[in-house]
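For reference, the chains in residue letters:
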Amino acid sequence: MTRLVVVGSINMDLVTVAQRFPAPGETLLGERFLSVHGGKGGNQAVAAARLGADVHMVGAVGDDDFAQPLCDALAAEGIDVEHVAHIDDCSSGTASITVSGGENQIIVVPGANAQLTPRHVMNAQDLISRADAVLVQMEIPLETVEATLRLAHDRHVPVILNPAPAQRLQAEWLQLARYITPNQHELAILLGADPSEDFRALMRRSPCPVVLTHGAEGAWFREEGEPQHQRGFNVEAVDSTGAGDTFNAALAVFLHEGLPLAVRKACAAAALSVTRLGARGGMPHPAEVDALLARQRD
Ligand code: RIB
């Protein structure tokens, strides 16, 4: 069983489904509202657990009404939450999400996620040392991302850095990651490049291997040489929230099968994730991934 540590955010997602996105200053009547568990870290932990990994979460919640349900939801998926800190006098992270036509718009208020410190990562150093891989994203303080990269690198544990939301990072940090998993837009921000530059050229210039997500079109990946393409899987998209998280989790879970197959499985898992509402609604189990792989063989 793949043993993973996820260092990242845990949010309550407040989701409104609407016919279209409102213009600035406009009020619209929505169709539906739901609150569901999310956050890039929590989502990646859940997606990995559903795919069969032994998952340990390093994160933080506040002391509000969302805190315990957020932890319980992770534990209910079999995830170890011993390293989820409860921060006093603080709200849990929230994400206000509007979904329309399978697309989304999101505003995140970090709350307790902003108080996840390098100390919390150090407290989990034994777990990290024993992990097959570590997943980290950027909805937590950058110093905590750096601490995760350095610790895992020192312990020879591969780190997948999902640079979302993107910020420019020093090349020295990127070199500590086994893979970075941006989309096209995030890769340009991360490298401080012109967004109009061809993403394949940016992938070649990256200081570490890149697995680039390309929405419904699939993914590109490069360790050395020319970037390779994996076609996306055809599905009916309901809500794209959490697709990137599912992709990252699957990549980590299946990495031991080799990068091309891991990327293929990650594309299939991400496609399945968009077929239901809510970040975690469509996150698949292995049999569903296998069935989709069997339906589309390239
Ligand atoms: O990646 C999707 C996630 O981003 C949502 O669950 C939301 O919480 C935001 O963090």
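Everything discussed here concerns the structure shown above.
Described in the following lines is the structure provided in the data block. (Residues numbered from 1 in each chain as written. Predicted model: local features only at pLDDT ≥ 70, side-chain atom pairs only at ≥ 80, totals over all residues. Heavy atoms only, no water.)

1. Considerations on the site of the ligand
And step 1. Close contacts around the ligand come from 13 residues, with D13, G39, K40, E139 and D245 the closest.
And step 2. N11 places a polar side-chain atom, nitrogen or oxygen, 3.0 Å from an oxygen atom of the ligand.
And step 3. Backbone polar atom of G39 to an oxygen atom of the ligand: 2.9 Å apart, as the coordinates give it.
And step 4. At the level of elements, β2 (11-17) and α1 (40-50) are the ones that each hand at least two residues to the shell around the ligand.
And step 5. Considering only residue class, the shell around the ligand consists of 3 nonpolar, 6 polar and 4 charged. (Near = heavy atom within 4 Å. Polar contact = N/O pair within 3.5 Å; in protein donor to acceptor, adjacent residues only side chain to side chain. Helix = DSSP H or I, 4+ residues; strand = E, 2+ residues; numbered from the N terminus. Nonpolar A, V, L, I, M, F, W, Y, C, P; charged D, E, K, R; others polar.)

2. Observations concerning unusual backbone geometry
And step 1. Across the junction of A164 and P165, the peptide omega takes the value -10 degrees, indicating a cis bond.
And step 2. Positioned with a positive phi, D89 is a non-glycine residue whose angle comes to about 55 degrees.
And step 3. The topology assignment puts D89 in the loop between β5 (80-86) and β6 (93-100).
And step 4. Positive phi, normally seen in glycine, also occurs at H156, with a value near 60 degrees.
And step 5. Mapped onto the elements, H156 comes out in the loop between α5 (142-154) and β9 (159-162).

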